[in-house]
Amino acid sequence: MSIQWIAVIGTSALAFTLKFIGHSVPSKWLANPRITRINALIPIVLLTALVAVNAVTARTKIVIDHRMAGLAVAITALFFKLPFPVIVLGAAVGSAIAYHFGY
Amino acid sequence: MSVKRDSFSLSFAVGAYGTAFGAASVTAHFSVLQTCLLSLLTFSGASQFAVIGVVGAGGSALSAIATASLLGTRNALYGVRMAPILKVRGLKRVVAAQVTIDESTAIATAQSDEADQVTGFWHTGFGVFVFWNIFTLLGALGAKAIGNPSAWGLDAAVPAAFIGLVWPRLVDTKTRLIAGAAIALSLALVPFTPAGVPIITTALLAIIVGWRA
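Anyway, here's the lowdown on the structure attached to this text. (Residues numbered from 1 in each chain as written. Chains lettered and ligands numbered in written order. Predicted model: local features only at pLDDT ≥ 70, side-chain atom pairs only at ≥ 80, totals over all residues. Heavy atoms only, no water.)

1. A word on the overall build of chain A
Rules: Comment: elements are numbered from the N terminus, with helices defined as DSSP H or I runs of at least four residues and strands as E runs of at least two. We compute the radius of gyration from the C-alpha atoms alone; for a globule the expected value is 2.2 Å times N to the 0.38, where N is the number of residues.
Helix and strand counts for chain A stand at four helices and two strands. Taken from N to C terminus, the helices and strands of chain A fall in the order α-α-β-β-α-α. Here chain A has a C-alpha radius of gyration of 19 Å; the compact-globule value for 103 residues is 13 Å, and the former is much larger. Across its three principal directions, the C-alpha atoms of chain A cover 55 × 45 × 25 Å.

Printed below as a string of structure tokens:
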């Protein structure tokens, strides 16, 4: 079985299990403020790290290239509170332009 | 009435982004079938992008599953929050669990009336599910015609989407500092660890900071 199939099946099984557990857990178990704080922070650190790794690395190296232009457009769009699809599309356009100029 | 309208517009906007997932997934060497199964069965945008991101970057299946599952843990917390509102059992609870995501929980918890909370959850859950899967297929099929994804900026669109999702949460100095630390830690680990590990490791930052204050 290919790595892709293992990843698809494993992720799907765990994704549903996690969702279903949530619907089955007595809420008092998660009332602990320490657990609540950690759970609130986890998506923030994971998603931020994912952005960094996706944006400036290639395999095991740090690589600054056309993707940075796309991210600069996205961050600018966020400062102006533009809608989500505009942010994504703007990043794609910015990155594509930089790529065509050889970066 | 307005809860249904809000559910529809959010569902369509988020669903349309499935195009980017479909295209990115095929670009990361997942087949069209595997791409569509991820959207149908995993049905959690961040986790799906994490899987294809880690595997596409040469990571192992285990680190892809682990990273995606860590990202999916918040859905468990949403389930905890939604269960007493929905009050469903059996097969209905299984369906409710599958459509428990950021959007359905966000719309539901924004309503003051309990009936609207239930309506908002189901309409958004089903709405995003339908649009997300249709657009995933379109993106996956379209990617074959696209060619080099860098030429179209697709490799920047994915991290940009994540920034868009995280940005509204960076409301105070503490959160911004933790996000900065996550960037530094993950990038510092990139040259020395297998793909996926730099991201998972940042969960330690959340545990350390959340534990203390």
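2. Re the overall build of chain B
Applicable threshold: Partly exposed residues are those whose accessible area sits between 20% and 50% of the maximum for their type, while under 20% is buried and over 50% is exposed, using a 1.4 Å probe and protein chains only.
Of the regular secondary structure elements, chain B holds twelve helices and zero strands. Going residue by residue from the N terminus, the α and β elements of chain B occur as α-α-α-α-α-α-α-α-α-α-α-α. At 18 Å, chain B has a C-alpha radius of gyration in line with the 17 Å of a compact globule built from 213 residues. Dimensions of chain B, computed from the C-alpha atoms along their principal axes, are close to 50 × 50 × 30 Å. In chain B, which comprises 213 residues, the share counted as buried stands at 54%.

3. Here's the deal with unusual backbone geometry
Phi is mostly negative for residues that are not glycine, and the peptide bonds are mostly trans. The backbone of K81(A) shows a phi angle near 55°, a positive value even though the residue is not glycine. Within the secondary structure, K81(A) sits in the loop between α3 (66-79) and α4 (84-100). Unusually for a residue other than glycine, H29(B) sits at a positive phi of about 70°. Note on placement: H29(B) falls in the loop between α2 (18-27) and α3 (32-42).

4. Some remarks on the interface of chain B and chain A
Short version of the rule: By the convention used here, residues are in contact when the closest approach between their heavy atoms is within 4.5 Å. Buried area: the accessible surface (1.4 Å probe) lost by two parts on joining, summed over both. Any carboxyl oxygen of Asp or Glu within 4 Å of a side-chain nitrogen of Lys or Arg constitutes a salt bridge here. For the purposes of these results, a polar contact is taken to be a pair of N or O atoms within 3.5 Å, where, inside protein, one atom must be able to donate a hydrogen and its partner to accept one; residues adjacent in sequence count only when each atom of the pair is a side-chain atom.
Across the contact, 85 residues belong to chain B and 64 residues belong to chain A. Carbon and sulfur atoms supply 77% of the area that chain B and chain A bury against each other, a total of about 6,600 Å² over both sides. Scanning the region where chain B abuts chain A turns up zero salt bridges. The interface formed by chain B and chain A contains ten residue pairs in polar contact (both at pLDDT 80 or more). Of all the secondary-structure elements, those providing two or more residues to the side of chain B that touches chain A are α3, α4 (45-56), α5 (61-86), α6 (90-98), α9 (154-166), α10 (173-189), α11 (197-201) and α12 (203-212) of chain B. If one sorts the elements of the side of chain B that touches chain A by residue count, α5(B) sits on top with 17 residues.

5. Side note on the environment of T67(B)
Residues and elements named next belong to chain B. Tracing the backbone shows T67 in helix α5. Residue T67 is classed as buried on the basis of its relative accessible area, which comes to 1%. Residues T67 and A46, spaced 21 residues apart in sequence, show a C-alpha to C-alpha distance of 9.9 Å.

6. Remarks on the nonpolar core
Put simply, the rule reads: Side-chain atoms within 4.5 Å link the members of a nonpolar core, which is a set of buried Ala, Val, Leu, Ile, Met, Phe, Trp, Tyr and Cys residues.
Ranked by size, the top nonpolar core spans 70 residues in total, and within it F30(B), F49(B), I52(B), F121(B) and F162(B) carry the most contacts. Here this core takes 13 residues from helix α2 (residues 33-56) of chain A, the largest share from any one element. Each residue touching F30(B), except ones within four places of it in the same chain, is listed here: Q4(A), V8(A), S25(B), T35(B), L38(B), V51(B), I52(B) and V55(B). Judged by nonpolar contacts, the second largest core, of seven residues, contains V26(B), V32(B), C36(B) and A140(B).

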